[in-house]
Each structure stands twice: as C-alpha cells, then as structure tokens.
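What follows is the residue order along each chain.
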Amino acid sequence: MAGKTIPATLIPGDGIGPEIVAAVVEILKAAGAPFAWERHDGGMAAIEKHGDPLPPRLLASIRRTGLALKGPLTTPVGGGYRSVNVRLREEFGLFANVRPVRSMVAGGRYEDIDLVLVRENVEGLYLAWEHYLKVGDDPHAVAISSGVNTRAGGERIARFAYDYAVENGRKKVTIVHKANVLKALTGLFLEAARDTGKKYRRKLEIDDRIVDACAMQLVLNPWQFDVILTTNLFGDILSDLMAGLVGGLGMAPGANIGDQAAIFEAVHGSAPDIAGKGIANPLALLLAGCLMLEHVGKKALAKSIRAAVDHVLRIDNLRTRELGGKATTKEFARAVIKRLK
Ligand code: NAD
C-alpha cells in the first residue's frame, strides 16, 4: 500500500528552472518520494501572469505546506523589485541556511570533501541598513552600513547547527567569526555560539576560527573541518569557496529553514545563457531534493538517490556539459532513474 503523501509547494522558476525542476520531479517520483506537489509560478514567470514575482497564492501555498522545492528565480533588474529570495527568507523567517558540499566527480583539485556550512540567514550585515552622508556637494561622500546580530539569533542558529551535526553523525562544529576586529557584532555571535555549545560538549567537538584564517585553511587543508557555523556575510562567501572545492556551484544544494517553513533550492541561478536548450545540470536541485527528503525524515530515500547519482557520475561516466560530458538534462535524469535501487 502506498504511504502517506506529503503536500509540498513546487516553484518551477525562471530560465533553466522549469527544465531542471521537471527532471528532479521525475527522479523523486521514480525513487518513491511521497511529495504531493502544489505548483506555483514565481519570479519572472509570475510577474508576466500576476504582476508580482511572489504572488499571494504562492505564499499561501508555502504557508500551508511548510515545505517547498524552488527552481532559480530571476530578480528583474530595475522596476523596483526586491530580491525574491531575500523576501522569501523574511516572509517565512528562514533563519538557517544549510549548504553541504561533497566531492562527487573524481579528478578535481580535492578528493573526499564532505563539509556542511550552516549560515545565519536573517541577521548580520545582510540586513542592509545602509545610508549615505552628504559632505559638501557630494551626496555619497560617506557610506554607512549597520549590521545587527542578536544573542537570541546567535543562540538559535547555533542550536540549529549543533542539532544538525548530532542528527547527521557529524563530529565537529567550527564557529567562524571576526571577533578580533568586529568585537561587538561578531563577538556576540561567537559568545552566543560558544555558550550554546556547552550543552553539546559530550556529543561534539566545538572550536572556533577567525574568518580569514578559516578561508586559508579551507584551501590548504579542508579535511580538518566538518560543520562550519557562521554569520550571514561570512557564510555567503565561504559557502561559495566550499562549492569551489568540489567543482563549483553545479553540485551545490541549499536549504533555507525556519520554524514554520523550509525551502530547498540549488545555489546557482536561472542561467539565462543556456535556458531552453535542455542541457542544464539538474544535480544541484536534485541534491536539494535529497535535503528535503531528509528534512521530512526520509533519509533512506535521499541515500538511494545519492548512490544512484554517484553511480552515474563515477561508473557510467555520464555528465552534463559544464562537467565535461555530453548528456542532456533528460538523459542525465533517465540515467539516475535507471540506477535507482
Ligand atoms: P547563474 O548561476 O544563473 O549562472 C552562472 C553560470 O553558471 C552561467 O554560465 C550558467 O550557464 C552556469 N550554470 C548555472 N547553473 C547551471 C546548471 N544547473 N547547469 C549548467 N550550467 C549552469 O548566475 P547569474 O548568471 O549570475 O544569474 C542569473 C539569474 O539568476 C539572475 O537573475 C540572478 O538574480 C538569479 N539568481 C537566482 C538565484 C536563486 O534563485 N537562488 C541564485 C543566484 C542567481
């Protein structure tokens, strides 16, 4: 008998979004994922039909399901639209951004990378409380930006990172900060993360690192790290650095998680240069689908999809073009389905 279905919002998105979303939905279905999708337009597709990149019916669906898989959304340049991704984070209080990276294709610069970055997603310098001061004739003579970190926000993301580490069999969490210079802003984050960590000492090794040293160490010896816990801005930068360790954004999934909702996506954008050609790599979004399965407790299904992907990449040697192969989006999806156990 079929198990219970789980309602989930599906946003095909813009550019390559509909192509990779279709491929991922097909693979998830073949793997037996229990999602009952509610499809909604977002981004440019929604502006054309509804005059808003985040129409109320899309937001209502996410509010109802608490779960979404999202194709990349194009934020129109000009026209007064705020980043749709930032709006979604704010709307649903998605305070945690989880970005795992893992070596999947042999022969890259590094082998055996398996790291997770947990980034605080709603505080810090990304609040973008910015303004200029006029001096003399120059209205932009001085630029000022205020970052805001709260003890409660630091404790919340730290608890999330430690719980994630414990639940996923990770051994070590490194708190990354710049408390030697930004003593209040990132000093408070460090203090909150260290204090919260005291309860986890028996389960996890917890250390800390200054962000610049961490960036160098990630390049020199990434294997010394396991889970990295950091603030919004540092997390944005370090997560792209970490994606570079495993071959780029094409294999980087992300989860945005809050108390009421969780939205899963690829880290890359809508790739307008290759949209409609059927050659986009669906892997990052598929890995985001695996994070979504884990989020709803379907760890075995996520594991079986990852194993099938590993088989396709390493043994069948089938890859999309940006990874040096010839496979189309559909051929890659069919190959993964064939290898699902
Ligand atoms: P991009 O990630 O879309 O593309 C950068 C390069 O990587 C391009 O050459 C593209 O062809 C390639 N690429 C990206 N994804 C690929 C895939 N799955 N398979 C094969 N090649 C892939 O970045 P961009 O060009 O800076 O941004 C394009 C649009 O996407 C912008 O409107 C931006 O705002 C939006 N964007 C959205 C998100 C999101 O929704 N989470 C994230 C980043 C950018």
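The paragraphs below set out a description of the structure included in this document. The shown structure was predicted, so the numbers you read here are calculated from the model rather than taken from an experiment. (Residues numbered from 1 in each chain as written. Predicted model: local features only at pLDDT ≥ 70, side-chain atom pairs only at ≥ 80, totals over all residues. Heavy atoms only, no water.)

1. Looking at the overall build of the protein
(1) Moving on: Of the regular secondary structure elements, the protein holds eleven helices and twelve strands.
(2) Moving on: For 341 residues, the compact-globule formula gives about 20 Å, and the C-alpha radius of gyration of the protein, at 20 Å, lands near that figure.
(3) Moving on: Burial status across the protein gives 52% buried among its 341 residues.
(4) Moving on: In the protein, 72% of the contacts between residues at least 6 apart in sequence involve partners at least 24 apart.
(5) Moving on: The positive charge centre, built from 45 side chains, and the negative charge centre, built from 37, are 6 Å apart in the protein. (Helix = DSSP H or I, 4+ residues; strand = E, 2+ residues; numbered from the N terminus. Rg over C-alpha atoms; globule rule 2.2 N^0.38 Å. Buried < 20%, exposed > 50% of the residue type's maximum accessible area, 1.4 Å probe, protein only. Contact = heavy atoms within 4.5 Å. Lys, Arg positive; Asp, Glu negative; His and termini not counted. Charge placed at Lys NZ, Arg CZ, Asp CG, Glu CD.)

2. Points about the layout of surface pockets
(1) Moving on: In this model, the largest pocket occupies a volume close to 420 Å³.
(2) Moving on: Looking at the largest pocket, it is lined by 19 residues, and the ones nearest its centre are Arg102, Asp114, Arg170, Glu294 and Arg306.
(3) Moving on: Examining the composition of the lining of the largest pocket, we find that four residues originate from one element, helix 10 (residues 299–315), more than from any other.
(4) Moving on: Its residues assigned to classes, the lining of the largest pocket comprises eleven nonpolar, one polar and seven charged. (1 Å grid on protein atoms, 1.4 Å probe; cavity = no way out; pocket = protein on both sides within 12 Å on 5 of 7 lines; lining within 4 Å. Points joined across faces, edges and corners; volume = space filled by probe spheres on them. Nonpolar A, V, L, I, M, F, W, Y, C, P; charged D, E, K, R; others polar.)

3. With respect to helix 6 (residues 185–197)
(1) Moving on: With 13 residues, helix 6 should cover 18 Å at 1.5 Å per step; its first-to-last C-alpha distance of 19 Å lies within 8% of that length.
(2) Moving on: Those residues of helix 6 lying buried are Leu185, Thr186, Gly187, Phe189, Leu190, Ala192, Ala193, Thr196 and Gly197. (Expected span 1.5 Å × (residues − 1).)

4. Quick notes on the site of the ligand
(1) Moving on: Leu73, Gly269, Ala271, Asp273 and Asn281 are the nearest of the 19 residues found near the ligand.
(2) Moving on: A distance of 3.2 Å separates an oxygen atom of the ligand from a polar atom in the side chain of Lys70.
(3) Moving on: With respect to the ligand, the side chain of Glu265 contributes an N or O atom lying 3.2 Å from a nitrogen atom.
(4) Moving on: Relative to its unbound accessible area of 820 Å², the ligand is 64% covered by the protein chains.
(5) Moving on: Residues belonging to the shell around the ligand are distributed by class as follows: eight nonpolar, seven polar and four charged. (Near = heavy atom within 4 Å. Polar contact = N/O pair within 3.5 Å; in protein donor to acceptor, adjacent residues only side chain to side chain. Areas by Shrake-Rupley, 256 points an atom, 1.4 Å probe, with all protein chains shown as cover.)

5. Focus on the packing of helix 9 (residues 283–295) against helix 10
(1) Moving on: Between helix 9 and helix 10, the shortest axis-to-axis distance is 7 Å and the interhelical angle comes to 155°. By the angle between their directions, the pair helix 9 and helix 10 is classed as roughly antiparallel. The interaxial crossing formed by helix 9 with helix 10 has left-handed handedness. Here Leu283, Leu286, Leu287, Cys290, Leu291, Leu293 and Glu294 of helix 9 come into contact with helix 10, specifically with Lys299, Leu301, Ala302, Ile305, Arg306, Val309 and Leu313.
(2) Moving on: Residues of the contact of helix 9 with helix 10, tallied by class, amount to eleven nonpolar, no polar and three charged. (Axes fitted to C-alpha atoms, helices over the stretch in contact; angles between N-to-C directions. Parallel < 35°, antiparallel > 145°, perpendicular 65-115°, else oblique. Left-handed = near helix turned anticlockwise from the far one by under 90°.)

6. Description of the environment of Leu115
(1) Moving on: Within the secondary structure, Leu115 is located in strand 5 (residues 114–120).
(2) Moving on: In the structure, Leu115 is positioned 111 residues away from Asp226 in sequence and 5.1 Å away in space, judged by C-alpha atoms.

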